[in-house]
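Close look at the chain arrangement
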Amino acid sequence: MDLAKTILIIASNPADTPRLALKDEFNAIKDGLKRYNRGTQFNLVSIWETRQIEIHQSILEHKPQIIHFIGHGAGNAGLVFEDTYGESVFVTGQALAKLFKVKAIQVHLECVVLNACYTEVQANEISEYVNYVVGIDQSIPDRVARTFSIGLYDTLGAGHSFEDAFEIGCAVVAGLDVSSDYFHLKKNFLTRHLEQAY
């Protein structure tokens with residue numbers, strides 16, 4: 001029986017939005033998980049140029065414990081995904097909350113990382129249904145988002161808790177001599193308790 005936790009990377013950078021180094025962040029996550037022997041406890045799955053319709057499909061197919069979004073956020077307007085023509089379409093926090101409240105989606109899910117600008121609105125909406133959610137309250141440079149991911153997944157790969165991983169991600173960002181106040185961790189233990197370490 002495979003006890004590895006699945007991390008689903010959902011990446012989106014529509015043609016009409018500024019270019020992001022999506023593959024660089026993916027590689028940083030992959031390397032962080034491999035850096036330590038415990039990295040084999042994770043199964044890394046990715047979908048690229050994600051269309052709105054593929055969000056629920058990929059979650060149902062892969063049953064991830066962790067979802068990591070890489071792309072653009074637009075505050076109240078939502079996360080930016082692609083339509084069938086490769087153009088931007090917004091998915092609001094309210095729409096995501098409706099999805100994450102469904103038992104079939106929620107049953108495996110432990111954590112969501114929205115590693116994109118202006119995603120705190122969506123983090124607040126979905127934190128009612130997910131134990132840990134990371135959101136960002138302002139615009140951040142690509143390298144800061146990527147550095148946070150390095151600290152986060154190095155720590156998870158070494159077998160530590162998500163809370164510790166979040167704190168180390170923030171500490172590594174602070175090492176760039178920029179504020180780590182970009183990142184906000186939302187915790188919800190009302191529906192389920194997540195006490196085991198990764």
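How each quantity is defined
Per chain, residue numbering runs from 1 following the sequence as it is written. In keeping with the model being predicted, local features are shown solely for residues with a pLDDT of at least 70 and side-chain atom pairs are shown and tallied solely at 80 or more, while totals for entire chains, interfaces and linings include all residues. Only hydrogens and water are set aside when side-chain values are computed; all heavy atoms of the structure are taken into account. Interaxial angles span 0 to 180 degrees and are taken between N-to-C directions of axes, which are lines fitted to C-alpha atoms, for helices over the stretch in contact. By the criteria applied, helices consist of DSSP H or I runs no shorter than four residues and strands consist of E runs no shorter than two, each listed in order from the N terminus. An angle below 35 degrees is treated as roughly parallel, one above 145 as roughly antiparallel, one from 65 to 115 as roughly perpendicular, and anything else as oblique. Less than a right angle of anticlockwise turn of the near helix away from the far helix marks a crossing as left-handed, whereas a clockwise turn marks it as right-handed. Working rule for contacts: check all heavy atoms of both residues, and any pair within 4.5 Å makes them a contact. Throughout, exposure labels follow a simple rule: accessible area from a 1.4 Å probe, protein chains only, divided by the maximum for the residue type, with under 20% read as buried, over 50% as exposed, and the rest as partly exposed. Each reported salt bridge corresponds to a side-chain nitrogen of Lys or Arg within 4 Å of a carboxyl oxygen of Asp or Glu. Paired strands, as defined in this entry, are two strands with at least two bridges between them according to DSSP. The pLDDT value tells you how sure the predictor is about a given residue, anywhere from 0 up to 100. Side-chain rings of Phe, Tyr and Trp, where Trp is taken by its six-membered ring, are said to pair if the distance between their centres is within 6.5 Å; with planes under 30 degrees apart they count as stacked, over 60 as edge-to-face, and otherwise as tilted.

A short note on the packing of helix H6 (residues 142-157) against helix H7 (residues 162-174)
The relative placement of two packed helices is expressed as an angle between their axes plus a distance between the axes. Viewed as axis vectors pointing N to C, H6 and H7 meet at an angle of 140°, and their least axial separation amounts to 7 Å. The orientation of H6 relative to H7 falls into the category oblique. Crossing of H6 over H7 shows right-handed handedness. Taking contact as the criterion, the partners of Val144, Thr147, Phe148, Gly151, Leu152, Thr155 and Leu156 in H6 are, on H7, Phe162, Asp164, Ala165, Phe166, Ile168, Gly169, Cys170, Val172 and Val173.

Observations concerning the environment of Thr92
Within the secondary structure layout, Thr92 lies in the loop between strand E5 (88-91) and helix H3 (93-100). Relative accessible area serves as the criterion here: at 31%, Thr92 is assigned to the partly exposed category. Spatially, the C-alpha atom of Thr92 lies 9.9 Å from that of Thr119, the residues being 27 residues apart in sequence. Excluding residues that lie within four positions of it along the chain, Thr92 makes contacts with Asn76, Ala77, Gly78 and Gln122.

Regarding the pattern of salt bridges
What the rule picks out here adds up to three salt bridges. The salt bridge partner of Glu54 is Arg51, with a shortest N-O separation of 3.6 Å. On the basis of relative accessible area, Glu54 is assigned to the partly exposed category, the value being 22%.

Thoughts on the pairing of strand E4 (residues 79-82)
By the alternation rule, side chains of E4 split into Leu79 and Phe81 and Val80 and Glu82, which are all buried. Sheet topology places E4 next to E5; four bridges connect them, and they run antiparallel. Paired with Phe81 across the strands is Val89, a residue of E5. Counting the residues between successive antiparallel strands, the hairpin from E4 to E5 contains five residues, one of them, Gly86, with a positive phi of roughly 85°.

Observations concerning the confidence of the model for the chain
Averaged over all residues, the pLDDT of the chain equals 87, while 89% of them reach at least 70. Per-residue pLDDT, averaged within each element of the chain, yields its smallest value for strand E8 (residues 183-187) (77) and its largest for strand E3 (residues 66-70) (96).

As for the environment of Ile7
Note on placement: Ile7 falls in strand E1 (residues 5-11). For Ile7 and Ile66, which are 59 residues apart along the polypeptide, the C-alpha to C-alpha distance reads 4.7 Å. Aside from chain neighbours lying at most four places away, what touches Ile7 is Leu33, Phe42, Asn43, Leu44, Val45, Ile66 and Tyr153.

Topic: the packing of helix H1 (residues 22-34) against H6
Running from N to C, H1 and H6 point in directions that differ by 20°, and their axes come no closer than 7 Å. On the basis of the axis angle, H1 is roughly parallel to H6. Read as a crossing pair, H1 and H6 show a hand that is right-handed. Residues Asp24, Glu25, Ala28, Ile29, Gly32 and Leu33 of H1 touch H6, and the partners they reach there are Ala145, Arg146, Ser149, Ile150, Tyr153, Asp154 and Gly157.

Points about the packing of aromatic side chains
The final tally for this structure, using the stated rule, is five aromatic pairs. Their ring planes at 50° and their centres at 5.3 Å tell us that Phe69 and Phe81 sit as a pair that is tilted. In this pair, Phe69 is assigned in strand E3 and Phe81 in strand E4, connecting sequence segments twelve residues apart. Residue classification places Phe81 among the buried positions, given a relative accessible area of 2%. With a centroid separation of 5.9 Å and 75° between ring planes, the pair formed by Phe148 and Phe166 is classed as edge-to-face. A residue pair is termed long-range when its members are at least 10 positions apart, and Phe148 in helix H6 and Phe166 in helix H7 qualify at 18 residues.

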